[in-house]
Amino acid sequence: MKTPILLLSLCALTLLSCGGSDDSTEIPVIPIDPDPIPGQISTYTDHVKTIIDTNCIECHGDPLDQGAIMMLLTYDQVVDAVNNRGLFNRIGTMGINTVMPPPEEGGRLPQTTIDIIEDWIADGLLEQ
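Residues numbered from 1 in each chain as written. Predicted model: local features only at pLDDT ≥ 70, side-chain atom pairs only at ≥ 80, totals over all residues. Heavy atoms only, no water.

(A) Examining the environment of Met-100 more closely. Relative to the elements of secondary structure, Met-100 occurs in the loop between helix 5 (87-92) and helix 6 (111-122). As a C-alpha pair, Met-100 and Asn-55 span 45 residues in sequence and 9.3 Å in three-dimensional space. Filtering out sequence-adjacent residues up to four positions away, Met-100 remains in contact with His-60, Arg-90, Ile-91, Gly-107, Arg-108 and Leu-109. (Helix = DSSP H or I, 4+ residues; strand = E, 2+ residues; numbered from the N terminus. Contact = heavy atoms within 4.5 Å.)

Set out below in structure tokens:
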């Protein structure tokens, strides 16, 4: 008869010892940053193409729409737009008449998105 009582006591002791304690520390949740990792080289394929496809192709695709004057479908077209058509100045400005996308299409991109494009330019406009 002592064995079942001993077994029950042992089980109860085991269950009680598994309880949480008030002095436990929570592991912080770290949000995923859309920016490239500091020190990482930014590329068109890995960092910029998705931004262009999501925010620009609607007007800067084929065919051009909403008065857009250049296509941004390929790496070469985007590089040409940065180097020769002031693309970065257009997306980075606060000017209501020059900002891309225009206000009626959603307005200025979030600064974190602009920063990704700026990093890509600073890293040399690499494709891959």
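This is not the end of the story, as more comes after the structure.
(B) Looking closely at helix 2 (residues 44-55). The complete set of buried residues in helix 2 reads Tyr-44, His-47, Val-48, Ile-51 and Ile-52. Buried residues of helix 2, viewed axially, fall in a sector of 115 degrees; they line one side. Helix 2 presents Asp-46, Thr-50 and Thr-54 as exposed residues on the side facing more than 90 degrees away from its buried surface. Next to the buried residues of helix 2 lie helix 3 (57-60), helix 4 (75-84) and helix 6. Where helix 2 begins, the side chain of Thr-43 points an oxygen toward the backbone nitrogen of Asp-46, at a separation of 3.1 Å. (Buried < 20%, exposed > 50% of the residue type's maximum accessible area, 1.4 Å probe, protein only. Arc of directions from axis to C-beta. Polar contact = N/O pair within 3.5 Å; in protein donor to acceptor, adjacent residues only side chain to side chain.)

(C) Representation of the nonpolar core. With 20 residues, the main nonpolar core has Leu-72, Val-78, Leu-87 and Trp-120 as its most contacted residues. At the level of elements, helix 2, helix 4, helix 5 and helix 6 are the ones that each hand at least two residues to this core. Per element, the largest residue contribution to this core is five residues, and it comes from helix 4. The residues touching Leu-87, leaving out its near neighbours within four places in the chain, are Leu-72, Val-78, Ala-81 and Val-82. (Core = buried A, V, L, I, M, F, W, Y, C linked by side-chain atoms within 4.5 Å.)

(D) Seen up close, the packing of aromatic side chains. One pass over the structure, following the stated rule, counts two aromatic pairs. Ring centres of Tyr-44 and Trp-120 lie 5.9 Å apart, and the angle between their planes is 45 degrees; this geometry places the pair in the tilted category. Residue Tyr-44 is found in helix 2, and its partner Trp-120 is found in helix 6; the two are separated by 76 residues along the sequence. Residue classification places Trp-120 among the buried residues on the basis of a relative accessible area of 0%. Three or more aromatic residues joined by ring pairs form one cluster here, namely Tyr-44, Tyr-75 and Trp-120. (Phe/Tyr/Trp six-rings, centres within 6.5 Å; stacked < 30°, edge-to-face > 60°.)

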